[in-house]
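Architecture at a glance
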Amino acid sequence: MSDLGPVDPGRADEAAWLRRWRLRPDGDPATTATSRLLPVRTDDGEPAVLKIAHESEEARGAALLAALDGHGAARVLRRDHRALLIERATGARDLVDLVRAGEDDAATRIICEVAAVLHAETGRVLGLDDPPDLVPLEQWFGQLFAQADGLGPLHRAGADLARRLFDEDHEPEVLHGDLHHGNVLDFGERGWLAIDPKALLGDAEFDACNLLCNPSHERALVPGRLARQFAVAVEATGFAPKRLRDWLVAWSALSSTWFELDDRPERAATAARIGETAAGLAT
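Attention in this report is confined to the structure presented alongside it. The structure displayed is predicted, hence computed values, not measured ones. (Residues numbered from 1 in each chain as written. Predicted model: local features only at pLDDT ≥ 70, side-chain atom pairs only at ≥ 80, totals over all residues. Heavy atoms only, no water.)

Okay, the pattern of salt bridges next. When charged atoms on two side chains of opposite charge get close, those side chains can pair. Applying the stated criterion across every chain yields a total of 25 salt bridges. A salt bridge links Arg 36 to Glu 14; its shortest N-O distance comes to 2.4 Å. Remark: Glu 14 occurs in helix 1 (residues 9-20) and Arg 36 occurs in strand 3 (residues 35-41); sequence separation between them is 22 residues. Glu 14 carries the same exposure label as Arg 36, and that label is buried. Here Glu 168 and Arg 243 are joined by a salt bridge, their closest N and O atoms 2.3 Å apart. Highlighted residues: Glu 168 in the loop between helix 8 (153-167) and strand 8 (173-175) and Arg 243 in helix 12 (residues 241-261), separated in sequence by 75 residues. Overlapping salt bridges bring together Arg 164, Glu 168, Asp 203, Glu 205, Lys 242, Arg 243, Arg 245 and Asp 246 as one network. (Salt bridge = Lys/Arg side-chain N within 4 Å of Asp/Glu carboxyl O. Helix = DSSP H or I, 4+ residues; strand = E, 2+ residues; numbered from the N terminus. Buried < 20%, exposed > 50% of the residue type's maximum accessible area, 1.4 Å probe, protein only.)

So, in structure tokens, the structure goes:
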């Protein structure tokens, strides 16, 4: 037995991928709830990120990234099972910093522009010989439909709005599913690109909702902020205001439901307050 102690299986897995793809570490690793991330350099010196997934959901997002082929999103360099190698964002700009600097409107427009590029890839992505597995948006809302009656009035209202929206005849599009200020990064000459998609299929308006609740619930609930950024998003996307408002209420109800199920009541409450504020937006 080694006197160095037990081997960390996560680090051993990481080392195996570094060897297999001839990568060298180029920064401090980070661990999230779903994956381990390591900045690396490829054997030709290109900056990249090695991502090793802990959950199967990450594989679906990786498949969509690969299908997007760098259009509106980070380019996939290698992909195999749980491991993903993507180009690294090396630009100096940051959308959260932009908001802090008083450029909230600009940050919203940037995210909306990235969403438009992703949505424009719908026909090509769905027409691939081996298209990625996308989760229907209606399925994504399953926990809200199941839990709404046991939660608050906002949850019931959000579930009813979502059901009505799903019943309408609307052409589905490829959705990122988690577009916000931390998932749109500066890739230098390639511009602003998305990372970490949830890989959904549904109404394009849904992709404008999460950004309105970010970069934090506290920011979203600053008096007047939601109304202003809602107006900016409507102008940037051309979405019908009423439809976007209804999706925002429905998304807030779903987000609050998830926080309730994760036993995070304070976050559930602030997500619900965003939905209540959204319900009062003029359209």
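Picking up where we left off.
Let's shift gears to unusual backbone geometry. Note the cis peptide between Asn 214 and Pro 215, where omega equals 15 degrees. For Pro 215, the location among the structural elements is in the loop between helix 9 (209-212) and helix 10 (217-220). With a phi angle near 55 degrees, Asp 69 is a residue other than glycine that sits in the positive phi range. Mapped onto the fold, Asp 69 is located in the loop between helix 2 (57-68) and strand 5 (76-80).

A word on the packing of helix 11 (residues 225-237) against helix 12. It is at 10 Å that the axes of helix 11 and helix 12 come closest, and there the two elements cross at 130 degrees. As the angle between them shows, helix 11 and helix 12 are arranged oblique. At the point where helix 11 passes helix 12, the crossing takes the right-handed sense. Touching Leu 226, Phe 230, Ala 233 and Val 234 of helix 11 are Pro 241, Leu 244, Arg 245 and Leu 248, all from helix 12. When its residues are assigned to classes, the contact of helix 11 with helix 12 shows 7 nonpolar, no polar and 1 charged. (Axes fitted to C-alpha atoms, helices over the stretch in contact; angles between N-to-C directions. Parallel < 35°, antiparallel > 145°, perpendicular 65-115°, else oblique. Left-handed = near helix turned anticlockwise from the far one by under 90°. Contact = heavy atoms within 4.5 Å. Nonpolar A, V, L, I, M, F, W, Y, C, P; charged D, E, K, R; others polar.)

Here Ala 278 is to be found in helix 13 (residues 265-279). Classification of Ala 278 by relative accessible area gives buried; the value is 0%. Along the primary structure Ala 278 and Ala 33 are separated by 245 residues, whereas in three dimensions their C-alpha atoms are 29 Å apart. Not counting residues within four places of it along the chain, the set of residues in contact with Ala 278 comprises Leu 226, Arg 245, Leu 248 and Val 249.

Structural measurements only, silent on function.
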